[in-house]
Amino acid sequence: MVSAIAWRLGTVTDITDETTTVRSFRLDVPGWPGHRAGQHLDLRLTAEDGYSVERSYSIASAADGSSVDITVERIPDGEVSAFLHDTVVVGDRLELRGPIGGYFVWEPANGGPLLLVGGGSGVVPLMAMLRDRMRQASTVATRLLSSSRHLEDIIYREELDRLANAGDGLEVIHTLTRSQPVGWTGYARRIDDRMLAEVADPLGSSLRAYICGPTALVETAANALSRLGLPPDRIRTERFGPTGT
Amino acid sequence: MADPMDDATAAAMVDGNALAGMLASVFGEDVTMTPGRCAHCQTVSMVGELRAYVRGPGRVLRCPACGEVVLRVVETSDSVYVDVRGASYLRFSRR
């Protein structure tokens, strides 16, 4: 079968530092069948002795021919993320399969209003949704609540500012949980019930929510939205585990 | 929950999505939207909604409603074992 399941080779065509620990990789993947925002791909690294290891990464880019971006946080002791950060250079080829997953997917045709909640690198699949929303000139009312530790840890900060200033119905709300710059007017604590209630309120009661991040953050946000009365079928979650995989 | 878990184990939980690639290689299609019924509490969940515990030697997918094990997956060098005792069914659409 055609498919998402076959392993393919992608060539790294660009590498971008997003923060000190987060880097984006653009891959050119001949035969890539296209993807929907929120899907992911599996990367497989194989050593000369045959030892191999796989990791799943959210796709960061909107569908664009054979080009696919992933954004990877360097995890301490992370076999794959360390290799990607420390060893991979433009021109290298990587083994991958995808796109995978139909559960944590949003497309402009799915409508809204849309509440996106991301913690740390959990913003990556949400960024794919925002990029696809922009690409398709969607004006679906959308709010992104992004939680980061420090200002310099915000992934895609400049692009998010640009998207939010486009005047097409997107608002981006940041919370900084560890330190805040002088004059910071955004939230300055971990996501909690009150914050979610405030962020969700302008979207009304018919919103759809997509929550991605560390497991504890996703649990907190999903439970808070349930308590606000959002039915389970309008809450989609993607948990990374303790700090990501 | 059926099995008491320590905080570290609970925090290691991810969504069934995390196993999507490997399960797709077994079932021949993406199963994240495939509904399955928990044999314990009868709740129907999509595979992508199951709670996945992937840090051990095998991967375990648990029911989000009752916490019981629905699917267990163990990979060896040449095979993948899928233990489906915890599911009373998985429903695949005809195509």
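What counts, and where the lines are drawn
- Residues numbered from 1 in each chain as written.
- Chains lettered and ligands numbered in written order.
- Predicted model: local features only at pLDDT ≥ 70, side-chain atom pairs only at ≥ 80, totals over all residues.
- Heavy atoms only, no water.
- Domains from an automatic or database assignment.
- Contact = heavy atoms within 4.5 Å.
- Buried area = accessible area lost by both parts, 1.4 Å probe.
- Helix = DSSP H or I, 4+ residues; strand = E, 2+ residues; numbered from the N terminus.
- Nonpolar A, V, L, I, M, F, W, Y, C, P; charged D, E, K, R; others polar.
- Polar contact = N/O pair within 3.5 Å; in protein donor to acceptor, adjacent residues only side chain to side chain.
- Pairing = 2+ DSSP bridges.
- Axes fitted to C-alpha atoms, helices over the stretch in contact; angles between N-to-C directions.

### Here's the deal with the domain arrangement of chain A
All names here are of chain A.
- Taken as a whole, chain A is organised into domain 1 (8–100) and domain 2 (108–240).
- Averaged C-alpha coordinates put domain 1 and domain 2 at centres separated by 24 Å.
- Residue-level contacts link 15 residues of domain 1 with 15 residues of domain 2.
- Both faces considered, domain 1 and domain 2 share a buried interface measuring about 1200 Å² in area, 58% of it formed by carbon and sulfur atoms.
- Elements with a contribution of two residues or more to the side of domain 1 that touches domain 2: β2 (22–28) and β5 (67–73).
- Taken together, the residues of the side of domain 1 that touches domain 2 sort by class into 6 nonpolar, 7 polar and 2 charged.

### Thoughts on the side chain of T175 of chain A
Residues and elements named next belong to chain A.
- Mapped onto the fold, T175 is located in strand β9 (residues 170–176).
- Looking at T175, its side chain comes within polar contact range of the main-chain oxygen of Y187, at 3.4 Å.
- Not counting residues within four places of it along the chain, the set of residues in contact with T175 comprises S146, S147, S148, Y187, A188, R189, I191 and M195.

### Focus on unusual backbone geometry
Residues and elements named next belong to chain A.
- Following G98, the chain continues into P99 via a peptide bond in cis, with omega recorded as 0°.
- You can see P99 is positioned in strand β6 (residues 93–100).
- With a phi close to 55°, A137 is a non-glycine residue in the positive phi region.
- On the secondary structure map, A137 appears in the loop between α2 (123–135) and β8 (142–148).
- Non-glycine residue Y156 carries a positive phi angle of around 65°.
- By secondary structure assignment, the location of Y156 is in the loop between β8 and α3 (157–164).

### Remarks on the sheet that holds strand β6 (residues 69–75) of chain B
Residues and elements named next belong to chain B.
- With antiparallel pairing, the 5 strands of this open sheet are ordered in space as β1-β4-β5-β6-β7. Among the strands making up the open sheet, the edge pair consists of β1 (13–15) and β7 (80–83). Averaged over all adjacent pairs, the angle separating strand axes in this sheet is 25°, with direction ignored.
- Pairing geometry for strand β4 (residues 51–53) and strand β5 (residues 59–62), over 3 bridges, is antiparallel. When the bridges of β5 are listed, R51 appears paired with R62.

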